[in-house]
Amino acid sequence: MTSDSSQNGDGVKLTFTGDASRSLLVVDDDAPFRNRLARAMEKRGFDVVAVDSVAAGIEIAHEAAPSFAVVDLRLGDGSGLDVVAALRDARPDARIVVLTGYGNIATAVAAVKAGAVDYLPKPADADAVEAALLADGRPLPPPPENPMSADRVRWEHIQRVFEQCDRNVSETARRLKMHRRTLQRILNKHAPRG
């Protein structure tokens, strides 16, 4: 990427050209979603650069750290958390939102620890992304209309401990004081609704 070229050969914008206080980096390897979100955020007044990889996201973070970023957690060439860390190092005041289609409490905690201000499940609409990026820092959001059920909270807790034990079923079962076969049955099921 060079400073005299604002687009690559595919016509993709690679540099910020507008208001630096509204610069937004979108990093997502799902091209239709990335392009749709980029256009929607441009209509909301953001100067958007959208890329599809960890490497490109880190490069832009180092060359022109944006004020805002929306980063997918799982990318083809690695973890979006690497982009979050690079952005946080380059610009500590950047407001970063992590998106993922594979959400659970453990990954949400990892995203926030890496420096994200919020964590949204995919597909997130532009209104939710904008609200997360521009949140005014109120201590608590309003209560959810449909909070998680007790079964879902239990499932999320088990998933978090399982991830913390490096996906080792025996160690997870020991820490949860649960029979290994019971844990395996729970892990093989889909998440409870709600």
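Residues numbered from 1 in each chain as written. Predicted model: local features only at pLDDT ≥ 70, side-chain atom pairs only at ≥ 80, totals over all residues. Heavy atoms only, no water.

**Q** Can you break down the sheet that holds strand S6 (residues 95-100) residue by residue, with the values?
**A** Reading across the sheet, the five strands line up as S2-S1-S3-S6-S7 and stay open at both edges, with parallel pairing between neighbours. If you trace the sheet from one side to the other, it starts and ends with strand S2 (47-51) and strand S7 (118-121), each paired once. Across the sheet, the axes of successive neighbouring strands diverge by a mean angle of 15°, strand direction being ignored. Of the pairings in the sheet, the one linking S6 to S7 comprises four bridges and is parallel in character. Across the sheet, Thr100 pairs through a bridge with Pro121, a residue of S7. Helix H1 (residues 31-43) rests against strand S1 (23-27), S2, strand S3 (68-72) and S6 of the sheet, and its axis sits at about 175° to S2. (Pairing = 2+ DSSP bridges. Helix = DSSP H or I, 4+ residues; strand = E, 2+ residues; numbered from the N terminus. Axes fitted to C-alpha atoms, helices over the stretch in contact; angles between N-to-C directions. Contact = heavy atoms within 4.5 Å.)

**Q** Hey, could you go over the pattern of salt bridges for me, with residue numbers and the actual values?
**A** According to the stated counting rule, one finds six salt bridges in the structure shown. Taking the shortest distance from any N to any O, the salt bridge between Arg44 and Glu130 comes out at 3.3 Å. Of this pair, Arg44 sits in the loop between H1 and S2 while Glu130 sits in helix H5 (residues 126-133); the two residues are 86 residues apart in sequence, bridging distant segments of the chain. Where salt bridges share partners, they join Arg44, Asp127 and Glu130 into one cluster. (Salt bridge = Lys/Arg side-chain N within 4 Å of Asp/Glu carboxyl O.)

**Q** Provide a residue-level description of the packing of aromatic side chains, including the pertinent values.
**A** All told, the structure shown has one aromatic pair when counted by the stated rule. On the numbers, 5.4 Å between centres and 90° between planes, the contact of Phe46 with Phe68 is edge-to-face. Residue Phe46 is located in the loop between H1 and S2, and its partner Phe68 is located in strand S3; the two are separated by 22 residues in the primary sequence. The ring of Phe46 carries the charged tip of Arg22 above its face, separated from the ring centre by 4.0 Å. (Phe/Tyr/Trp six-rings, centres within 6.5 Å; stacked < 30°, edge-to-face > 60°. Lys NZ or Arg CZ within 6 Å of the ring centre and 35° of its normal.)

**Q** Kindly report on the environment of Asp118, identifying the contributing residues and their values.
**A** You can see Asp118 is positioned in strand S7. With a relative accessible area of 29%, Asp118 lands in the partly exposed category. It is 4.9 Å that separates the C-alpha atoms of Asp118 and Val97, two residues lying 21 residues apart in sequence. Beyond its immediate stretch of four places on either side in the chain, Asp118 contacts Ile96, Val97, Val98 and Ala132. (Buried < 20%, exposed > 50% of the residue type's maximum accessible area, 1.4 Å probe, protein only.)

On their own, these measurements won't tell you what the molecule is for.
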